[in-house]
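Single-letter residue listing:
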Amino acid sequence: MTENIMTVNIVTPDGVVYDHHAKLVVLSTIDGEIGVMAHHAPIIAPLVIDEVRVRRVDKPHHEDSIAVNGGFLEFSNDLVSIVANSAERARDIDLRRAEYAKQRAEQTIKVAEEKHNVDDLARAQVSLRKAVNRINVSSHRNL
């Protein structure tokens, strides 16, 4: 049975966020969404701000959701390693804080557009994507 199992690790500068055995990982690279299973060809790919979904071995009808804010994926020898600037499991997301971050980013975008400040606009758009991702992932905490 272990022949179709891989290990999934998600690491940030703050430490390990996720470490489990899995049958399937679905994530978004800059080239689109991919699924990785055991024995997949080795791959290194940059990730976008999005949800990582993991189908664990110990809970076959359960899928873990993790909000990942960019980074990169490396897969080889049945080990999925994700290194990200930040990542949060759905169960750990503070929804009120994420919604507040979304509102702040939307307000900053509005002001930056009015002032034609492209730097503030770009930073606020990234902040908005991160906040929306966290809000979306938090809704999967009971799946």
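Residues numbered from 1 in each chain as written. Predicted model: local features only at pLDDT ≥ 70, side-chain atom pairs only at ≥ 80, totals over all residues. Heavy atoms only, no water.

For the protein chain, an unreviewed UniProt entry supplies the name ATP synthase epsilon chain and the organism Companilactobacillus nantensis DSM 16982. UniProt's Function (unreviewed entry) comment on the protein chain is quoted here verbatim: "Produces ATP from ADP in the presence of a proton gradient across the membrane." What the UniProt record of the protein chain gives under Subunit (unreviewed entry) is the line "F-type ATPases have 2 components, CF(1) - the catalytic core - and CF(0) - the membrane proton channel. CF(1) has five subunits: alpha(3), beta(3), gamma(1), delta(1), epsilon(1). CF(0) has three main subunits: a, b and c." (UniProt positions renumbered as here; feature names shortened; annotations may be inferred.)

Asker: Can you explain the nonpolar core? Please cite residues and give values.
Answerer: One finds Val25, Val52, Val54, Ile66, Val68, Val80 and Ile82 to be the most contacted residues of the largest nonpolar core, which totals 19 residues. Taken together, the elements giving at least two residues each to this core come down to β1 (6-12), β2 (15-29), β4 (43-56), β5 (63-76) and β6 (79-83). Ignoring anything within four residues of it in the chain, the contact list for Val80 reads Met6, Thr7, Val8, Asn9, Val25, Val36, Leu73, Glu74 and Phe75. (Core = buried A, V, L, I, M, F, W, Y, C linked by side-chain atoms within 4.5 Å. Buried < 20%, exposed > 50% of the residue type's maximum accessible area, 1.4 Å probe, protein only. Helix = DSSP H or I, 4+ residues; strand = E, 2+ residues; numbered from the N terminus. Contact = heavy atoms within 4.5 Å.)

Asker: Kindly report on the domain arrangement of the protein chain, identifying the contributing residues and their values.
Answerer: Partitioning the protein chain into structural domains gives domain 1 (6-89) and domain 2 (95-139). Once you take the C-alpha centre of each, domain 1 and domain 2 turn out to be 25 Å apart. Between domain 1 and domain 2, roughly 640 Å² of surface is buried when both sides are summed, and carbon and sulfur atoms account for 60% of that area. When residues of domain 1 are sorted by the area they lose upon contact with domain 2, Ile49, Asn69 and Glu88 head the list and together hold 62% of the total. Here domain 1 and domain 2 share one salt bridge between them. Residues Arg134 and Glu88 are paired through a salt bridge, measuring 2.5 Å at the closest nitrogen-oxygen approach. Counting across the interface, domain 1 meets domain 2 through three residue pairs in polar contact (both at pLDDT 80 or more). Among the elements that line the side of domain 1 that touches domain 2, the one with the most residues is β5, at five residues. (Domains from an automatic or database assignment. Buried area = accessible area lost by both parts, 1.4 Å probe. Salt bridge = Lys/Arg side-chain N within 4 Å of Asp/Glu carboxyl O. Polar contact = N/O pair within 3.5 Å; in protein donor to acceptor, adjacent residues only side chain to side chain.)

Asker: So, the pattern of salt bridges: which residues are in play, and what are the values?
Answerer: According to the stated counting rule, one finds ten salt bridges in the structure shown. Across the pair Arg56 and Asp58 runs a salt bridge whose closest N-O atoms are separated by 2.7 Å. On the basis of relative accessibility, which here comes to 52%, the residue Asp58 falls in the exposed class. Measuring nitrogen to oxygen at the nearest pair gives 3.1 Å for the salt bridge that ties Asp64 to Arg56. Here Asp64 matches Arg56 in class, with each residue buried.

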